[in-house]
Amino acid sequence: MASWLGGLGSGLGQSLGQVGGSLSSLTGQISSFTKDILLEGTEEVGDAPTEHQVSSSRLREIESTHATQRLENERLKKVCSDLEEKHEAAELQIKQLSIEYRNQLQQREVEISHLKARQNALQEQLQKLQTAAQSAQLGAGVLPPTTTSASFVPVVRHHSSGFQGDDMDFGDVIWSQQEINRLSNEVSRLESEVDHWMLIAQSSRVQGTNNADQSEICKLQNIIKELKQNLSQDIDEHQHELSVLQDAHRQKLAEISRRHREELSEYEERIEELENQLQQGGAGIEITDHSKISNLQKNIQILQTEKLEDTQNMKELEDKVKNVNEKLSSVENENKILLNERELVKVENSQITQEYERLKSEFIKLQNYVAEQETLLKEQGKKLPLMTSSEEEVVRLQQALLDAEKEIMRLNTLNQEELQKKLASLQHKNEDITSASIEDTNLELNQLRQELERKENELKESITERETLTAELEELDKQNQETMQHMFTLKEQLSKQHSEADSTINQLKLDIAFERRKVSEVEAEKMEMSKELETQKSKMNHCTFALNDLHMSNQQLQHNIKDLQEQLKKSQDCNLNNKKEIAELKQNLKQKEEELSVSQNELTKIINQEPNSNSQDLSLKEREAEIAKLNKDISENKQLNQNLEKSVSDLKMENGKLLAVCEELKQQLHEAFAEKNKVSLEKDTMLEALKMEKGQLETELSQTEKRLLEQAQKYEQTIEDLSNARNMNTNALQLEHERLVKCNQERDFEIAELKRNIEQMEADHEETKEMLTTSLGGQKQLTELIKEKEVFVEKFKNRALELQQELEEYVKDSKKHEILRQNLEEKDISLAAMKEENNHLKEEIERLKDQQSRSPPVAEPKTLDIITELEAEITQLHVIKNNLEEEIKLHKKTIEDQSQNTVQLQQSLQEHKREIDESKFQYEQMNITHEKLFLEKDEEIKSLQKTIEQIKTQLHNERHVFQTDSSDLFQETKAQTLNGENGNEKHDLSKSEIERLVKGIKEREKEIKLLNEKNVVLTQQIDHLSKDQVGKLTQIIQEKDFEIQALHASISSSSYRQDVLYLQQQLQAYAMEREQVLAVLSEKTRENSQLKTEYHKIMDMVAAKETALMKLQEENQKLSNRFENSSQDMFRETIQNLSRIIREKDIEIDALSQKCQTLLTVLQTSNIGTDSGSGGVNNNQFEELLQERDKLKQQVKKMEEWKQQVMTTVQNMQHESAHLQEELHKLQAQISVDSDSSSKLQMDYNGLIQSYEQNEKKMKSFSQELAQVQHHIGQLHNTKDLLLGKLDMVTPPLLMASSVSQASDIPSSTPPEIVSDASKLLQQELEQLKKILQEKDATIRILKENNQRLSDSMAATSELERKGQKDTDPEMKQIKGKCDVFQKSLREKDLLIKSKSDQLLSVSENLSNKENENELLKQAVTNLKERNLILEMDICKLKEENEKIVAKCREKETEFRALQETNMQFSMMLKEREFESHSIKEKALAFEKLLKEKEQGKMGELNHLLNEVKSMQEKAVSFQQERDQVMLALKQKQMESSALQNEVQHLRDKEQRLNQELERLRNHLLEMEDSYTQEALAAEDRETKLRKKVMVLEEKLVSSSTAVENASHQASLQVESLQEQLNLVSRQRDETVLQLTMSQDQVKQYALSLANLQMVLEQFQQEEKAMYSAELEKHQKQTAEWKKKAEKLEGRVESLQESLEEANAALDAASRLTEQLDLKEEQIEDLRKQGELKQEMLEDAQNKLMNLINSTEGKVDKVLMRNLFIGHFHTPKNKRHEVLKLMGSILGIKKEELDQLLSEDQKGVTRWMTGWLGGGGAGSKSVPSTPIRPTNQSVFNSSFSELFVKFLETESRPNLPLPTLSVHDMKPLGAAGICNLSSTRSSSHTETVGSGTSRRPDANPFLAPRSAAVPLITPTSLGAGGSGHLLMKSLSDALPTFTPLPVLPDASAGAVLKDLLKQ
């Protein structure tokens, strides 16, 4: 652990040391890097495009390297952050470990104390045993070997050792562990010895030596006490030591944290200082070119003076440096040599990093190679022993370094040899050191690794420096690009001028040729021809200039038209997008309004269905609040729609404005044409002067051979002209040529004067324009404010028609405003163009001035030119004046319109408020109507619930009625049977009666089943309804049951059929309604799908916009990151510089402190020497020291003076930087404001999008829920209508039934009054439903009207848009028409040009005759051309040489700079050394004085001198610091100034070279002309013939000259008239100037008023911002509330959905039941027909049954009695009395009577027979059957009872199967269940009742006695399964004669008979 922490600490120390080393090595790296960059900068190319390519390629390389370096920086930052985290984790671990170790220490101390106590106890025991053993041995004479107590003495720990190292806690822990181990060992040893001594003591006790003295015991006790005291002291000391250690640890931690904080604060302060310096010194080069040049010139002058001073200082410093170096060389040791070598290696590394761009890929390969070698080293190092591994590591590291550096050297050819030598020397030294000792090798290994790490750090630092330099390079490149752009613009302008000049020259040539032809052909008519020539010349000039101007204007027009077209396209695209968005928003609005209306209606319906009144009220309130909020949302959406419409209108206005701008541009073009026609006269004179200037500019700007070739062509043309002139060789032409030259010069001067006038006018014009721009800017702000106010007002608007009218008015106003804006923009553009022209004119004026200085001025003003200029000025002033007046009128009109608009807006506001109040009132009325509807619906539901309850109660009552009826019937039948027993025994029932009875029973059964099914359906519906509704419905059901009972009593066939037909009609109607509902639902689903598709489209649009926003944000982030990176680079530079300075200062302070210490030691030794008198100090030394102090003082004074000078320069620089900083701050503030506003807008936009999406989602969910609820409600309505229809159907037969029941005597429980009440209730409900429907229709109509209004408004808006498009279309047509007009005019001009060209061709044909004469001259010209080519070749060679020289100069400049930097470094070093020497000298002087004073005995003076020395030292330190700071600032400024100087010098050199080339070319031309003149003289001899002709021509010319003089006289007269006109024009100009001044005053007043208005506007804006912020907060709160309510609504919606699902399930079941009902009703119709037949059968069967019952009641079965009688005689005599008893029991004879009869045996037979025959009439009743006799003999052995039972069993088995009815085969739905119920109930009843009815299929119940016979109707049939009537039961239960029923085995016939026998 300690080793790990130690390693951590050492690593931290190394890293800190590396940081210091890197800071110290920064200066050298920076200087070397700047050298290389400057060397690279020399590789310039002569051609501008190639330069551009080179710079762009370098820029790309730099960018790529910059990207890689940035990635590396990021990686290193990550690594740093990881290391910091690890460091923090390590500190935390250390803290935890220290706490744990302290706890362990305490534990161990406790253990030590325990062990010591134990040790003491054991020692005591030992001593006791020893004493005992000694006494025993003395007695015995034996002496065993004893151990000394010294071995048990514990080792004393030296606590001071803990404080030697930093890791004292760990040392303590280790020591405590060792001590614990030692003590435990000692304890174990002591225990063993104790055991040994115990054994000895026991043996001695056995022997009898048990006599221990009490004195010895006392001694031992004292010893124990002393030991205890010692123990306690030891414990106290140990605890004290622990506390001391803890305190020391805490102090260390506190010191470390304090140091860390101090360092942090120092770094922060340094960073702040650097930032301040950056801000002060970071003045960007953003000043205009003129100001830059002036500042640079000043700086250059200052720097030149400083440079001279520096050179003098440098010479002095160099001498001093030599002396100091000689001294230092003797002092420096091998360590310093090694350090120098390291520094050299560092410098080389910095150079390598500079070439890192080219060597990047190889560097990566090298890194990989080094990594592989290191891995190999590690693997081999594991195998080899430590000795060999260290040496091998050294060798391998050296090899790796060698390989890496060799590979670098291959590419870096300059530094190969030096690096190899240094590496070889390093190898030798390392080998020597390795051979010396292994420890040294290990140390060197560590050093090499550290060096590698340092090199890596330096690499990183150099990379950062390179990044900063690349940033600077980028800035320089930007500046270079700007300058290049400026140069290119100049070149383009010059090329244009050159082309114009060429065209004019060609035209002039053609004119000259034309004149020659005319002279040769028509000599007689020369006067006329000369006049025509002059006119043609003027016309041609005018035409050419007009053509040029037209071309230029056409180009400008095309550019303007293109720009306007682009703007139009953009605006149209924006319009389309806005229209689409508006359409989509309107659709969304319509959908949402429809959904709202639907949701309102359905919410009201849902609320009506809720049972609890309290919850309904609450939900109503909540829904109302939600509706209000939804209305608010709709209003907000409408406002958004309005805003979008406004934006559309604004775009339309912008379109109109753009069209107006096009018109204005056309007007300006016309004006430009007029002006250019005037200027064309001026340009005539300027042409030839411009030719020369163009040539000069071309030579200056273009260094390429193409431009030189062009110049050569020009010169060839001039030579040709000259040759033509020589060919003419007439004095008149030469005179004309000279006169033209003079005229040119005069016109040049006139042009200069005119330009000055133009500049003055332009300045005035610019001032007026600036005033206008300020006023218009203010008006713009006013218009913007007004627009904001309008938007604020329009938030309260809801109607669209009124707004559209107002919008049309605003559109007109805005068009006017935009026209004004566009005027302003055009004027700004024209201003910029004029400024550029001004700059060009200024340059030309300067050049003209230079020419004027060379050539004497000729002051002959031409009046024509002046007049034209003045006329142009007057026209311009008039135009300006008119424009100003028009603008003032427009502004007044706009102000009036705006005031009218504000009044109109206020009126519209009031109207909107009224409308809002009206809408609120309507909304309240609607709410009231909704509440009424809800109440009515609740009442309806309650009434329905009551009816259901009544139906239920009626059902229950019916069941009870059926039971009572059945009981009455059977009582009656029993009475009838009793009455008619005797007379109806032999009566037989007819078959027809039985069939009727069966039919009636079947019909009744079917009716009962149908009623049961209906009851089941009703119960299911009732279960679905709520519990509260069930109670009410049961009452209605009970009432209906009573009515059904009455119906059952009096149902006839005709009424049933009518009912069936009515029901069928209703079913058909319901089916139709259902189909309609389904169709509506399908339509709704389609609409929903369409809405979904539209929503998806909108979402796609939103997503696209979001992606665009994200891209913009990413771009912004990238830009911000770049800005931050650039700023970070600057900060790094400054931080590095400061750190270097601080490091140097620290070194100096350390050196001074060491020197002071040494001097103090010297003083102390000298004091000791003087006190002791052993020896003294030399006086010479003191004198030398004093002299040195004086010198140092003088140098300090010089330094102070120098510092003051530097301070003044620095202050000047600071003043300049302050201005730039202010500008920077302003720009930054503007940027921050813009960024804030953009971020706010983005936030608002995102919020709006989110809210919009949420609203859409909510609306979708609401629409889905509403659709479900609508479906559910529709189904419920259908079910309700069905129930109501059925109830209405039931009411008319009820009335009939009531009348019938009154006629008959059958009791009925329901009177007719109840039925009438029910019908009234139903009628009331129907009326209420009709009312509700009417109200709903009214609401639907209102909504339709609203929809129509909205659609009308939409149509109106679309019409307006169409109108706007129609308005724009004619304007576009006008523009196109004008364009066509221009094109026509151009075509006409082209035709004119063609005609002129034809004329020129005719002239050229005339010239062809003369060309033959000029062929000789052409040969001469060809010779001259060849010479020219030779000269051009020479020029190219000279250029190449010049370039080489320039490259050499640049290299020398870079070397000079490098030398300057080194000189600066040396000077710094020298100054430091001087300061050190000065300080040493001062100290020495002080000590000399002290020693002298000591000798003289003056100690006071010594102290005084010491104080002086200290103060001087402090001053020197402060001066040194100031000097260093100033030197740094100076260095930076010098670097900048030197760079600028170099640039300036470079430019000047270029200018000089170009001028030299120009002069050389001129001289060459002059020489060529001389040679040409000689050749011309030779040609003159040949042309003697021509001269003769010329003489004739001269005579003609004389006559022409007289004509010319006449013409000049006329011209002078014209000039006088023009001068008079000029005077008038000047007066007009003065008047216009006065008007201008007046207008300027007005403009100033307007500006003041605008400023006031701006102040007011700012206040308004602040108030509005406050309002907006407050409203925003409110909206945010509202949105939060909305979210909460939405969540509540979602919960409710979920519950509603669950209820809906349940209702849907119920509805599905109901639909199934309705289908079953339809089937059942069809069956009912069939069965009713059968029922009518079966009823008749039933009636017959009932009559027959009654007769049978009457006849059979009370009769005895003859067959039975006969069998009994015969059996009596067959039985043996012993058992005959049993038979008699049985017969008696059957006949009902009592036991006593039987006994009496049996006892009287005499009377036996006669009495028995008489009794048998007399009472047998009513005795038995059985079915006749044949008796079966027993076959077996064993029968006689059995008793009579057993035989009788067997007989009955045999008789009960029928031979034939019983007949079954067909009714049981026809089982309807639900019958099975009922049958099962009845069977179970009957079986249970048989168990309870003691009757022995046999239910088995093979049992005959008729054989049983009457008491046990099955009754016709069992009492179990009166259960819950059905009603008590006979017909309510199945035949299997009611009539046992038809079907045998299954019965329990216990209830068999045998068992019954056995029971009887037992009785």
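Every chain's residues receive numbers from 1 upward, in the order its sequence appears when written. At least 70 in pLDDT is required for a residue's local features to be given in this predicted model, at least 80 for side-chain atom pairs to be given and counted, and no such filter applies to totals for whole chains, interfaces and linings, which use all residues. Based on all heavy atoms of the structure, the side-chain values leave hydrogens and waters out of the count.

Draft legend 1. Examining the overall build of the protein more closely. Note on conventions: DSSP H or I runs of at least 4 residues are helices, E runs of at least 2 residues are strands, and numbering of each starts at the N terminus. Tallying secondary structure elements over the protein gives 33 helices and 0 strands in all. Throughout, exposure labels follow a simple rule: accessible area from a 1.4 Å probe, protein chains only, divided by the maximum for the residue type, with under 20% read as buried, over 50% as exposed, and the rest as partly exposed. The burial tally for the protein puts 32% of its 1959 residues in the buried class. The contacts in the protein between residues at least 6 apart in sequence include a share of 91% that link residues at least 24 apart. Of the roughly 122,000 Å² of accessible surface on the protein, a fraction of 55% belongs to carbon and sulfur atoms. Two residues form a contact once any of their heavy atoms are found within 4.5 Å. In short, Shrake-Rupley with a 1.4 Å probe defines the accessible areas, and a residue's cover is counted only from the protein chains shown.

Draft legend 2. Inspection of the packing of aromatic side chains at higher detail. Two rings from Phe, Tyr or Trp (for Trp, the six-membered ring) form a pair when their centres sit within 6.5 Å of each other. Planes less than 30 degrees apart are called stacked, planes more than 60 degrees apart edge-to-face, and all others tilted. Within this structure, the stated rule accounts for 1 aromatic pair. Taking 4.8 Å as the distance between ring centres and 80° as the angle between the ring planes, the aromatic pair formed by Phe 1765 and Phe 1769 counts as edge-to-face. Note that Phe 1765 and Phe 1769 are positioned in helix H26 (residues 1758-1770) at a spacing of 4 residues, about one turn of the helix. Using a relative accessible area of 23% as the deciding quantity, one classes Phe 1765 as partly exposed. Given the relative accessible area of 40%, Phe 1769 is considered partly exposed. Sitting over the ring of Trp 1682, Lys 629 keeps its end group 5.1 Å from the ring centre. We call a charge positioned above a ring when the Lys NZ or Arg CZ atom is no farther than 6 Å from the ring centre and deviates by at most 35 degrees from the ring normal. The ring of Trp 1202 is capped by Lys 1471, whose NZ or CZ atom sits 4.1 Å from the centre of that ring.

Draft legend 3. Quick peek at a negative patch on the surface. Patch criteria: residues need more than 30% relative accessible area and no salt bridge. Like-charged residues are merged within 9 Å; nonpolar side chains of Val, Leu, Ile, Met, Phe, Trp and Tyr are merged within 5 Å. The salt bridge criterion pairs a side-chain nitrogen of Lys or Arg with a carboxyl oxygen of Asp or Glu, the two atoms within 4 Å. His is not counted here, nor are the chain ends, while Lys and Arg score as positive and Asp and Glu score as negative. In this description, the location of a charge corresponds to atom NZ of lysine, CZ of arginine, CG of aspartate or CD of glutamate. There is a patch of like negative charges on the surface, built from Glu 263, Glu 266, Glu 268, Glu 269, Glu 272, Glu 273, Asp 1146 and Asp 1150. Listing elements by their share of the negative patch, those giving two or more residues are helix H5 (214-281) and helix H20 (1053-1172). Relative to the helices and strands, Asp 1146 resides in helix H20. Residue Asp 1146 is classed as partly exposed on the basis of its relative accessible area, which comes to 38%.

Draft legend 4. Region of the structure containing the nonpolar core. Nine residue types can take part in a nonpolar core, namely buried Ala, Val, Leu, Ile, Met, Phe, Trp, Tyr and Cys, and a core is a set of them joined through side-chain atoms within 4.5 Å. One finds Leu 122, Leu 129 and Trp 197 to be the most contacted residues of the largest nonpolar core, which totals 14 residues. Here the element with the most residues in this core is helix H4 (residues 168-207); it accounts for 8 residues. Setting aside anything within four residues of it in sequence, one finds Leu 129 in contact with Val 194, Trp 197, Met 198 and Ala 201.

Draft legend 5. The arrangement of the pattern of salt bridges in detail. Tallied over the entire structure, the rule returns 24 salt bridges. Measuring nitrogen to oxygen at the nearest pair gives 3.8 Å for the salt bridge that ties Glu 111 to Arg 108. Here the residue Glu 111 and the residue Arg 108 both occupy positions in helix H3 (residues 48-140), the gap between them amounting to 3 residues, near one helical turn. Exposure remark for Glu 111: the relative accessible area of 35% places this residue in the partly exposed category. A salt bridge links Lys 755 to Glu 844; its shortest N-O distance comes to 3.2 Å. Here Glu 844 lies in helix H16 (residues 801-854) and Lys 755 lies in helix H15 (residues 731-794), a separation of 89 residues in the sequence. Its relative accessible area of 7% is what places Lys 755 among the buried residues. On the accessibility criterion, Glu 844 (12% relative accessible area) is buried. The structure contains a network of salt bridges with shared partners spanning Lys 657, Glu 818 and Arg 821.

Draft legend 6. Layout of a nonpolar patch on the surface. Taken together, the side chains of Tyr 267, Ile 271 and Ile 1135 present a nonpolar region at the surface, about 250 Å² in accessible area. Residue placement: Tyr 267 occurs in helix H5.

Draft legend 7. Highlighting the environment of Leu 1713. Tracing the chain through its elements places Leu 1713 in helix H25 (residues 1584-1752). The exposure class assigned to Leu 1713 is buried, which follows from its relative accessible area of 16%. Taking the C-alpha atoms as reference points, Leu 1713 and Lys 1014, 699 residues apart in sequence, are found 9.4 Å from one another. Excluding residues that lie within four positions of it along the chain, Leu 1713 makes contacts with Val 1017 and Gln 1020.

Draft legend 8. Structural context of the packing of H26 against helix H27 (residues 1776-1787). Angles here are taken between N-to-C directions and fall from 0 to 180 degrees, while the axes themselves are lines fitted to C-alpha atoms, restricted in helices to the stretch in contact. As a packed pair, H26 and H27 sit with axes 9 Å apart at the nearest point and diverge in direction by 165°. The pairing of H26 with H27 is recorded here as roughly antiparallel in orientation. The chirality of how H26 crosses H27 is left-handed. Residue-level inspection shows Leu 1760, Met 1761, Leu 1764, Phe 1765, His 1768 and Phe 1769 of H26 in contact with H27, the latter providing Arg 1776, Val 1779, Leu 1780, Met 1783, Ile 1786 and Leu 1787. Basically, the charged four are Asp, Glu, Lys and Arg, the nonpolar ten are Ala, Val, Leu, Ile, Met, Phe, Trp, Tyr, Cys and Pro, and anything else, Gly included, counts as polar. Split into classes, the residues belonging to the contact of H26 with H27 amount to 10 nonpolar, 1 polar and 1 charged. Roughly parallel covers angles under 35 degrees, roughly antiparallel covers those over 145, roughly perpendicular covers 65 to 115, and oblique covers all other angles. The crossing is said to be left-handed when, going from far helix to near helix, the turn is anticlockwise and less than a right angle, and right-handed when the turn is clockwise.

Draft legend 9. Quick peek at H25. A helix is expected to span 1.5 Å multiplied by its residue count minus one. Between the first and last C-alpha of H25 there are merely 188 Å, a value that for 169 residues lags more than 12% behind the 252 Å anticipated at 1.5 Å per step. Along H25, the largest kink reaches about 25° and is centred on Gly 1731. What we call the bend at a residue is the angle made by axes fitted to the seven residues finishing there and the seven residues starting there.

Draft legend 10. Layout of the confidence of the model for the protein. The predicted model of the protein has a mean per-residue pLDDT of 77, with 77% of residues at 70 or higher. For every residue, the predictor reports its confidence as pLDDT, a number between 0 and 100. When mean pLDDT is compared element by element in the protein, H25 scores highest at 90, while helix H31 (residues 1871-1888) scores lowest at 41. Note that residues 41-45 has pLDDT below 50 and, in this model, 12 contacts with residues that lie over four places away or in other chains.

Draft legend 11. Structural context of the side chain of Glu 1432. Inspection of the secondary structure puts Glu 1432 in helix H23 (residues 1415-1496). The residues contacting Glu 1432, other than those within four sequence positions of it, are Leu 708, Leu 709 and Ala 712.

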